[in-house]
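Each chain, letter by letter, is given below.
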Amino acid sequence: MRRLFGVLACLLALGGGAYLAEREAHASIDGVSFEGERAERGFSANEATYVAVRSERTPHGPTESARSTDGSIRRDERRETTRREPLTSDEARARHGLGEAFADGLVLTGATPHRLILFTFDDGPDRRTTPRLLHHLDELGVRAVFFVTSQRLHEPGARAVAERAILRDIVRRGHVVGNHTRNHRQLPLLDTPEVLAELGGTERVFEDELGGRAWLMRPPGGSRSPRVDRVIADERYTQVLWNLGTGDFQVRDADSVVETFIRVLSRRELENGERGGIVLMHDTHDWSVEAFPRIVGWLRDRNCQLLEAGEELYDIVDDPTFFFAPRGDAEPGAVAPMARPDPAVIARRQAALREATAQRCGRLATR
Ligand SMILES: [Zn+2]
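**Student:** Kindly report on the overall build of the protein, identifying the contributing residues and their values.
**Tutor:** Helices and strands together make up the secondary structure of the protein, namely 10 helices and 15 strands. In the protein, which comprises 367 residues, the share counted as buried stands at 47%.

**Student:** Any details on the packing of helix 8 (residues 254-272) against helix 9 (residues 286-308)? Residues and values, ideally.
**Tutor:** Axis separation between helix 8 and helix 9 bottoms out at 8 Å; the angle between their running directions is 45 degrees. In terms of orientation, helix 8 lies oblique with respect to helix 9. Where helix 8 crosses over helix 9, the handedness of that crossing is right-handed. Judged by residue contacts, Ala 254, Val 257, Val 258, Phe 261 and Ile 262 of helix 8 engage Trp 287, Ser 288, Glu 290, Ala 291, Arg 294, Ile 295 and Trp 298 from helix 9.

**Student:** Requested: an account of the nonpolar core, with residues and values cited.
**Tutor:** One finds Leu 108, Ile 117, Leu 118, Val 177, Leu 216 and Val 279 to be the most contacted residues of the largest nonpolar core, which totals 75 residues. Filtering out sequence-adjacent residues up to four positions away, Val 177 remains in contact with Gly 97, Leu 98, Phe 146, Val 148, Ile 170, Val 171, Phe 206 and Ala 214.

**Student:** Requested: an account of helix 6 (residues 192-210), with residues and values cited.
**Tutor:** At 3.6 residues per turn, the α-helix brings residues three or four places apart onto the same side. End to end, helix 6 covers 26 Å across 19 residues, agreeing with the expected 27 Å (1.5 Å per residue, within 8%). Contacts from the buried residues of helix 6 go to helix 3 (89-98), strand 8 (145-148), helix 5 (158-172), strand 9 (176-179), strand 10 (216-217) and helix 7 (226-234). After helix 6 finishes, the residue Gly 211 shows a positive phi value of roughly 80 degrees.

**Student:** Can you explain the confidence of the model for the protein? Please cite residues and give values.
**Tutor:** In this model, the protein carries an average pLDDT of 83, and 76% of its residues clear a pLDDT of 70 or more. Within the model, pLDDT remains below 50 along residues 1-12, and this stretch shows 14 contacts once partners closer than five positions in the same chain are excluded.

**Student:** How would you explain the environment of His 184 if you had to name every residue and give the values?
**Tutor:** Turning to its location among the elements, His 184 is positioned in the loop between strand 9 and helix 6. On the neighbour-count criterion, His 184 (16 C-beta atoms within 10 Å) is partly exposed. Each C-alpha atom, one on His 184 and one on Asp 123, is 8.1 Å from the other, the two residues being 61 residues apart in sequence. Setting aside residues up to four positions removed in sequence, His 184 forms contacts with Asp 123, Thr 149, Gln 151 and Pro 220.

What counts as what
Residues numbered from 1 in each chain as written. Predicted model: local features only at pLDDT ≥ 70, side-chain atom pairs only at ≥ 80, totals over all residues. Helix = DSSP H or I, 4+ residues; strand = E, 2+ residues; numbered from the N terminus. Buried ≥ 20, exposed ≤ 12 C-beta atoms within 10 Å, placed from the backbone. Axes fitted to C-alpha atoms, helices over the stretch in contact; angles between N-to-C directions. Parallel < 35°, antiparallel > 145°, perpendicular 65-115°, else oblique. Left-handed = near helix turned anticlockwise from the far one by under 90°. Contact = placed C-beta atoms within 7 Å. Core = buried A, V, L, I, M, F, W, Y, C linked by C-beta atoms within 7 Å. Expected span 1.5 Å × (residues − 1). pLDDT = per-residue confidence, 0-100.

Laid out in structure tokens, this is it:
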């Protein structure tokens, strides 16, 4: 059965993004369904000015004003319109890292007609592979979301100590973390107290190491059911799926991961008009860590051609801001619409990207 799940999860992971039919084998017990799975470096001079809304809360968490339109927690330029207290840089980093601005959202699939790319890494941290990935991310100036499975972090011993330190390092470097459960079990097969225990196990580690819970979660294997969607929504999580699978858990070499990414990206565009989205990778595999800088390199090379052609460029974003939509009164499990950020924001980001890309590609051309 585990194998069947694996196969289904694999097939769906590549083509993810659509709400697929219920899986027959378990539809009768739980209506199980599957759904397919930055240019600044680190926190710099701006870090001490990150603020979060402390006074403006609805019963459902932070208000819209906690979120910016340009990919980060709003900075203090809006302090005059909302009452805010400045946070220390550590507090601000932890808040950003826990994704508090993304509570209570619709289920995110990554669907977008824009060339916005968000990288996500699941199942870590792993002391053998995650530190190298963090190095690549810093080198490339990219921020990502890490969906943490905490099973190993609860075990006694040096490995857990090392991996808890890596978890803190992920947030210190400006990435966001999300809950990928404690034991990576298919949630629809568990009863509700077990689902809560799976979420709670990872929350405990986040609270111990980061001082709070996370607000993003990714269901293992992308497997969902209406009942589990409701449990997750009651816990005020935003579920993050993906539309750009890399198949990195099915292969053992970086070439295959890069090729699959490119193939899936172009197929998404042809079939669904989705030109960007949320990329699923795993920071637990050597070949994924090796593939990551190659994928970023490919996107940046492609940008040289796109610039030439006068097309929209690939824009690697730092967090789910552009994909996020508040759930409001929608049913738990309701899926976010295609992400169409404010055209003015896209235009501003594209203008900056074109300038940087022209310089970079010009340098390449004259070498
Ligand atoms: Zn996983």
